[in-house]
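This is what each chain is made of:
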Amino acid sequence: MVDLYALPTQLPGWPLHLIKERFNSSYHGDFERWRNAAESLPVTSTEGCVYDDTVTAEMACDQKTLDAIELSLKQLHPWRKGPFRFGDLHINTEWRSDWKWQRMRQTLGNLSGQRVLDIGCGNGYFGWRALQAGASEVIGIDPSILFCIQHYAIQKFFNDERNWVLPIKVQELPISVQFDLTLSMGVLYHRRDPVQHVRQLFDLTAMGGRGILETLVVTDAESLYPSGRYARMSNVWCVPSTNQVVDWMQQVGFNQVQIVDVTTTTVDEQRSTEWMHFGSLSGCLDDQDPSKTIEGHPAPVRAIFMGLRSS
Ligand SMILES: C[S@@+](CC[C@H](N)C(=O)[O-])C[C@H]1O[C@@H](n2cnc3c(N)ncnc32)[C@H](O)[C@@H]1O
């Protein structure tokens with residue numbers, strides 16, 4: 001069974017000591033509670049794993065067992081990225097992350113044999129999808145201890161050592177290891193120095209590899225630097241224009257930069273559910289004019305960019 005403290009191999013120079021330091025109640029006061037919730041999952045045996053739109057573990061279990069699984073997983077609330085299904089238990093997450101994956105799946109193509117880095121991976125949902133597309137291994141990093149433990153709980157069903165979620169921040173990574181495909185989705189606008197983040201993405205991409213950058217954007221010519229909150233979030237520093245992102249990617253060295261997709265986020269894609277009962281997108285939009293956030297900024301639009309590292 002995959003162990004919480006297991007270390008992936010072939011990451012020379014990575015600060016793997018941080019795993020032990022951060023999976024610790026002195027680092028996060030809820031750590032033991034969350035770990036116990038994951039450890040208490042009454043998982044018997046799974047009959048098949050399907051890393052499809054709804055990432056699924058097929059298993060036959062009685063209602064009592066399903067209720068116990070639900071109770072344990074609900075202690076890991078909020079479930080933001082998914083959906084997942086374990087037996088007959090459907091984890092209807094805040095985000096339809098499968099919609100984001102569908103927008104880039106064709107561009108990504110077959111990932112056969114590729115090693116993938118997912119920066120800000122949440123609970124690792126996209127890692128399962130990359131494995132389905134053929135990736136040989138996915139290393140996800142995310143500073144949220146809760147999301148790391150959600151992944152650990154999910155691993156109780158899949159026990160698949162090809163998908164990792166490690167409690168490491170992107171700025172803590174050395175560039176000693178490079179990946180065939182690097183993903184940075186939903187992270188750029190949380191970074192105070194967005195260009196440096198794009199450069200990190202480039203540095204972590206192997207020669208001949210591809211970088212995917214997904215971010216909130218504005219469709220106006222001018223990037224937005226919110227002085228206060230953006231859609232109630234206090235940690236959004238820059239919502240760049242699509243042209244700005246293309247410029248940044250070219251500036252750091254990516255070639256053949258393309259805009260893969262631009263989509264307005266809807267309240268069907270991001271919403272409160274019984275697995276994420278905090279407020280969601282609908283509460284961040286202006287009641288009278290949903291094309292604006294509650295602060296009067298343009299409502300969330302997200303874009304996906306891809307670039308090639310050829311030098
Ligand atoms: C908006 S979520 C996006 C999750 C997922 N990539 C997606 O696209 O649905 C941003 C994630 O980035 C993580 N994050 C924030 N700062 C980070 C950093 N410095 N390094 C790596 N991940 C970070 C957060 O914990 C969060 O899970």
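Procedures and definitions
- Residues numbered from 1 in each chain as written.
- Predicted model: local features only at pLDDT ≥ 70, side-chain atom pairs only at ≥ 80, totals over all residues.
- Heavy atoms only, no water.
- Helix = DSSP H or I, 4+ residues; strand = E, 2+ residues; numbered from the N terminus.
- Rg over C-alpha atoms; globule rule 2.2 N^0.38 Å.
- Buried < 20%, exposed > 50% of the residue type's maximum accessible area, 1.4 Å probe, protein only.
- Areas by Shrake-Rupley, 256 points an atom, 1.4 Å probe, with all protein chains shown as cover.
- Pairing = 2+ DSSP bridges.
- Right-handed = clockwise from strand over helix to strand, strands pointing away.
- Phe/Tyr/Trp six-rings, centres within 6.5 Å; stacked < 30°, edge-to-face > 60°.
- Lys NZ or Arg CZ within 6 Å of the ring centre and 35° of its normal.

**Q** Help me out: how do you make sense of the overall build of the protein in this one?
**A** Looking only at helices and strands, the protein has eight helices and 11 strands in total. Against the globule reference of 19 Å for 311 residues, the protein gives a C-alpha radius of gyration of 19 Å, in line with a compact fold. Taken along its principal axes, the extent of the C-alpha atoms in the protein is 55 × 50 × 40 Å. By residue count, 54% of the 311 residues in the protein fall in the buried class. Here the protein displays about 13,200 Å² of accessible surface, and carbon together with sulfur accounts for 46% of that area.

**Q** Can you help me understand the pairing of strand β6 (residues 137-141) in this one?
**A** Counting buried positions over the five residues of β6 gives five, a clear majority of the element. Burial along β6 is two-sided: the residues Glu137, Ile139 and Ile141 and Val138 and Gly140 are all buried. In this structure, β6 lies alongside strand β7 (residues 163-166), joined through four bridges in parallel fashion. Its bridge partner lying in β7, Ile139 is registered against Trp164. In this fold, β6 hands off to helix α6 (residues 145-158), which returns the chain to β7; that crossover is right-handed.

**Q** It is not clear to me how the packing of aromatic side chains should be interpreted in this structure. Could you clarify?
**A** Think of a pair of aromatic rings as described by two things: how far the centres are apart, and how the planes are tilted against each other in angle. This model, assessed by the stated rule, comprises 15 aromatic pairs. Ring geometry for Trp79 against Phe84: centres 6.4 Å apart, planes inclined by 70 degrees, an arrangement best described as edge-to-face. For the residue pair Trp79 and Phe84, the accessibility class agrees, reading buried in each case. Members of the aromatic cluster, joined through ring pairs, are Tyr51, Trp79, Phe84, Phe86, Trp101, Tyr125, Phe126, Trp128, Phe157, Phe158 and Trp275. Its guanidinium or amino end placed over the ring of Trp237, Arg192 lies 3.9 Å from that ring's centre, counting from NZ or CZ.

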